[in-house]
Amino acid sequence: PLASMSFNVAGRQTITMSPRGGADTWHADITLTDTGTYRLAMTDGEGYDVVDPSTYSITITDDRAPVIVFVQPARDVQLRPGGGTDLVVVAEDDFGLGAARMLALINPDQIRDSDPIVVHAWSNDQTAPLRQLTMSVARTAEQLNLSPGDRMQYWATIVDRNDVSPVGPGIGKTRRYNIFVLTPEQADALLQQHMADYEKVLADLLRRQRVNRAGAA
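It should be emphasised that the depicted structure is a prediction, and the values quoted were computed from it without experimental measurement. (Residues numbered from 1 in each chain as written. Predicted model: local features only at pLDDT ≥ 70, side-chain atom pairs only at ≥ 80, totals over all residues. Heavy atoms only, no water.)

Visitor: Before we go on, may I ask you to explain the overall build of the protein in this structure?
Guide: Along the protein, the regular secondary structure elements total one helix and 16 strands. On C-alpha atoms alone, the protein measures out to a radius of gyration of 31 Å, which is more than a quarter above the 17 Å that the 2.2 N^0.38 rule sets for 217 residues. When the backbone C-alpha atoms are referred to their principal axes, the protein occupies close to 105 × 60 × 30 Å. Expressed as a percentage of the 217 residues in the protein, the buried residues total 31%. Put simply, 62% of the contacts in the protein that link residues at least 6 apart link residues at least 24 apart. In the protein, which carries 20 positive and 27 negative side-chain charges, the distance between the mean positions of the two groups comes to 13 Å. (Helix = DSSP H or I, 4+ residues; strand = E, 2+ residues; numbered from the N terminus. Rg over C-alpha atoms; globule rule 2.2 N^0.38 Å. Buried < 20%, exposed > 50% of the residue type's maximum accessible area, 1.4 Å probe, protein only. Contact = heavy atoms within 4.5 Å. Lys, Arg positive; Asp, Glu negative; His and termini not counted. Charge placed at Lys NZ, Arg CZ, Asp CG, Glu CD.)

Visitor: Explanation requested: the environment of N162 in the structure shown.
Guide: For N162, the position within the fold is in the loop between β14 (151-160) and β15 (171-173). C-alpha separation for the pair N162 and G98, spaced 64 residues apart in sequence, amounts to 8.9 Å. When residues no more than four places from it in sequence are discounted, the contact partners of N162 are D63, G168 and P169. Only 2.9 Å separates the side chain of N162 from the side chain of D63, close enough to count as a polar contact. (Polar contact = N/O pair within 3.5 Å; in protein donor to acceptor, adjacent residues only side chain to side chain.)

Visitor: Help me out: how do you make sense of the sheet that holds strand β8 (residues 67-72) in this one?
Guide: Note: strands within a sheet are paired through backbone hydrogen bonds, in either parallel or antiparallel orientation. Taken together, the three strands give an open sheet; going across it, the order is β8-β10-β13, and neighbouring strands pair in antiparallel fashion. One side of each edge strand has no neighbouring strand; the edge strands of this open sheet are β8 and β13 (132-140). When the angles between neighbouring strand axes are averaged without regard to direction, this sheet yields 25 degrees. Pairing geometry for β8 and strand β10 (residues 84-92), over five bridges, is antiparallel. Paired with V67 across the strands is E92, a residue of β10. (Pairing = 2+ DSSP bridges. Axes fitted to C-alpha atoms, helices over the stretch in contact; angles between N-to-C directions.)

Visitor: Looking at this structure, how should I read the packing of aromatic side chains?
Guide: Geometry of an aromatic ring pair is reported as the spacing of the ring centres plus the angle between the planes. What the rule picks out here adds up to four aromatic pairs. Judged by centre distance (5.1 Å) and plane angle (90 degrees), the ring pair of F70 and Y154 falls under edge-to-face. Residue F70 is found in strand β8, and its partner Y154 is found in strand β14; the two are separated by 84 residues along the sequence. An identical accessibility class is assigned to F70 and Y154; each is buried. (Phe/Tyr/Trp six-rings, centres within 6.5 Å; stacked < 30°, edge-to-face > 60°.)

Dropping the structure here:
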C-alpha cells in the first residue's frame, strides 16, 4: 500500500496529498493561478519512491462576468393608470449564475442621491449552478408605488458563482429602461391619437379596396 503521495506542479510546487476513504484514494486542495503541468510522486509502505512517468496538463480558463439582458419589454414603456407589465430578463455565465436583483429609482430627476429600491430578487442558489436562466416578474403601477406622472428607471444585476477571485464574483448589469405612468389626461390623449391613426389606416384600406374593385371591373 502507499505510504504517501505528492502533487508536483511544473517542478515548482509540491503539495502533499492525504488518503481519503482508504489507502486507494488520495486528496489534495490546490489553488492555481497559471496554466501548467503536474506529475504525481508516491512512496510505498516499504519506503520505495515511485514517480509517475506521465505528465498531465492543467489549463486555467478566465472566468468572464455574467451577461444579463431584458427581453421583455426591453424598451421604455408607458402605462395607463392601473396598468401593469411583465418584466423578463435572460442571464448567461460561463460557469454558473448566482443571485440576481431588479432595481429601480422613482423620479430620479427630482430625487438626487437616493438608494435604488429592490423590485424583485432571485437567489439562484441551486446546488448545481445553472449557466442560463430566464427570470420574470409581473408588476402593476400600484405594486410599484407609482402614481400618474411618475417615471421609474429600472435595471437588473446578477453575480456569478466565482468565490475564489480576490476581487470577488463577476457582476453583470442590464442597460437602464423607463416606465412612465400616464396621467388620465395623457391616457385620453393617447387613446384619441390611436383612434385617429386607426381611422387613417381604415380609410386607406377602403380606398385601396375601391381601386382594386374598379380595376377588376
